[in-house]
Each structure stands twice: as structure tokens, then as C-alpha cells.
Amino acid sequence: MKFKLAGTRFEVSYTLLCLGAICVILGIFESFLWCAAAIAVHELGHLSVMICYGYFPERIKIALFSIDIIDSERQRRRVRENLLIIFFGPFANFICFLPSYLLYLKGIDCVLPFAAANASVGLFNLLPVMSLDGGQLAYLLMSGRLGQDRAEKAVDALTFAFIFPLAALGFWLMLKSKNVSLLFVSVYLAFSLIFKGNRYY
């Protein structure tokens, strides 16, 4: 599905729409919506800083395993600008988490799912995996000292050193307790690497 908004072309994968339909069938559509809201907050964090610097994305692609903000200026921007653009994705989640959780502590229970979703999305994206913000931040920080090639290799090593033990632990938990959440995270990260195409920010 494609549409254009404020000069930016949006592409939404039909597989994502199918996932939403499956969530309706399974009765977990509300959880899907809270996660989608937290992801929207995350991407708005990136976009707000981009726009503050005067950069506007050419295309935003929303797929099952990735959300790509495509703009041709990313390689020409200063490192500080890129660091702030990447960092403000998770930071926006934490900004939303704090007041939501405080409202929950005050007795407003309905905001807890939103708080939990923002905390999860923010922390998840800070993992040192190449396809996530944490990996992108690590690459930018290391490339200034090590150079681009060595920084890529270092982040690749971090990525695989993190994913394989996580997948093994997830498989073990599935066998022991039937809990597949950690294994699902590992599979998601593996597919996000494939669909990201080994591209650094």
C-alpha cells in the first residue's frame, strides 16, 4: 500500500496488514495497537530531529521486520546530527514511558500497556545489533576512531555475539517453559538483519 503525505512517500507492507488481521483473529489486537503506537512514537522521535535540522525524508517504508526512513542526506550529515537523529528514537519512547508510568502509579491503570510498550520498544532498539539504533549508534561512535571498515566489522561481531546466545537461550526457554517470546525476539532480529541489507546509518 502506497500513499504520499507532505511530500514524503509512504509504503506499508501488506504482510504487516496481515499481521494486524491475525491479531484480530487471535484476540490480541489491542496489544498490537499499543506496540504500533510505541513504534510510531519511536519513529516520530527520529523524524522530529531530522526536521529540526532541515532534513525531510524522501520515503518511509513500513514492513514486517523493519521501518526504513530513506533520505539521501544521511551520508552527508555531520556525525553529531546523525547521532542525535538515531538517539531520539529510543529517547522519545522513554519520554512517553515516564509520564505514562507515573499516571499508572496514580491509579490510572489504562495507561500501563502504553508505558510498557514504550519501555520495551526503547530498550529493544538500544540493543547492540546492527539493524537497530543501538548498533547504528555503536557504528557511528566507533567509525570516528577505527574507520568505517573496522567499525562495521566490530558491530557485526557485536551483533552475532549477541544474537546467537539469545537464540540459544530462547530455544532452551521454549523447551523448558513453552515461553517463545525470547525465541521470537531472536528470529525477529535475524530477519531484520536480512531485510536491512547490512546497511549502516
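The following refers to the structure shown. Because the structure is a prediction, the values reported are computed rather than measured.

### Digging into the overall build of the protein chain
Consideration 1: Counting its secondary structure elements, the protein chain contains seven helices and four strands.
Consideration 2: From first element to last, N terminus to C terminus, the protein chain shows the α and β order β-β-α-α-β-β-α-α-α-α-α.
Consideration 3: Looking at the protein chain as a whole, 36% of its 201 residues are labelled buried.
Consideration 4: Pairs at least 24 apart in sequence give 61% of the contacts found in the protein chain among residues at least 6 apart.

### Section: the side chain of Glu 81
Consideration 1: By the secondary structure assignment, Glu 81 is in helix H3 (residues 79-105).
Consideration 2: Discounting chain neighbours no more than four positions away, the residues touching Glu 81 are Tyr 53 and Tyr 55.

### Re helix H5 (residues 133-146)
Consideration 1: Over its 14 residues, H5 extends 19 Å from the first C-alpha to the last, a length consistent with the 20 Å expected when each residue adds 1.5 Å.
Consideration 2: Those residues of H5 that sit buried are Asp 133, Gly 134, Gly 135, Gln 136, Leu 137, Ala 138, Tyr 139, Leu 140 and Ser 143.
Consideration 3: Just downstream of H5, Gly 147 is the residue with a positive phi angle, here 90°.

### Observations concerning the environment of Cys 96
Consideration 1: Note that Cys 96 resides in helix H3.
Consideration 2: With relative accessibility at 22%, the residue Cys 96 sits in the partly exposed group.
Consideration 3: Not counting the four nearest positions on each side in its chain, Cys 96 is found in contact with Val 41, Phe 114 and Asn 118.

### Remarks on the packing of H5 against helix H6 (residues 148-177)
Consideration 1: At a minimum axis separation of 8 Å, H5 and H6 run at an interaxial angle of 145°. Note on packing geometry: the crossing formed by H5 with H6 is right-handed. Packed against H5, whose contacting residues are Gly 135, Ala 138, Tyr 139, Met 142, Ser 143 and Leu 146, the element H6 presents Gln 148, Arg 150, Ala 151, Glu 152, Ala 154 and Val 155 at the interface.
Consideration 2: Across the contact of H5 with H6, the residue classes tally to seven nonpolar, three polar and two charged.

### Some thoughts on the packing of H3 against helix H4 (residues 112-125)
Consideration 1: Viewed as axis vectors pointing N to C, H3 and H4 meet at an angle of 150°, and their least axial separation amounts to 8 Å. When the axis of H3 is compared with that of H4, the two are roughly antiparallel. Along this stretch, H3 crosses H4, giving a crossing that reads as left-handed. Taken together, the residues of H4 that come into contact with H3 (itself represented by Pro 90, Asn 93, Phe 94, Cys 96, Phe 97, Ser 100, Tyr 101 and Tyr 104) are Leu 112, Phe 114, Ala 115, Asn 118, Ala 119, Val 121, Gly 122, Leu 123 and Asn 125.

Calculation criteria
Residues numbered from 1 in each chain as written. Predicted model: local features only at pLDDT ≥ 70, side-chain atom pairs only at ≥ 80, totals over all residues. Heavy atoms only, no water. Helix = DSSP H or I, 4+ residues; strand = E, 2+ residues; numbered from the N terminus. Buried < 20%, exposed > 50% of the residue type's maximum accessible area, 1.4 Å probe, protein only. Contact = heavy atoms within 4.5 Å. Expected span 1.5 Å × (residues − 1). Axes fitted to C-alpha atoms, helices over the stretch in contact; angles between N-to-C directions. Left-handed = near helix turned anticlockwise from the far one by under 90°. Nonpolar A, V, L, I, M, F, W, Y, C, P; charged D, E, K, R; others polar. Parallel < 35°, antiparallel > 145°, perpendicular 65-115°, else oblique.

These figures come from the coordinates and say nothing about function on their own.
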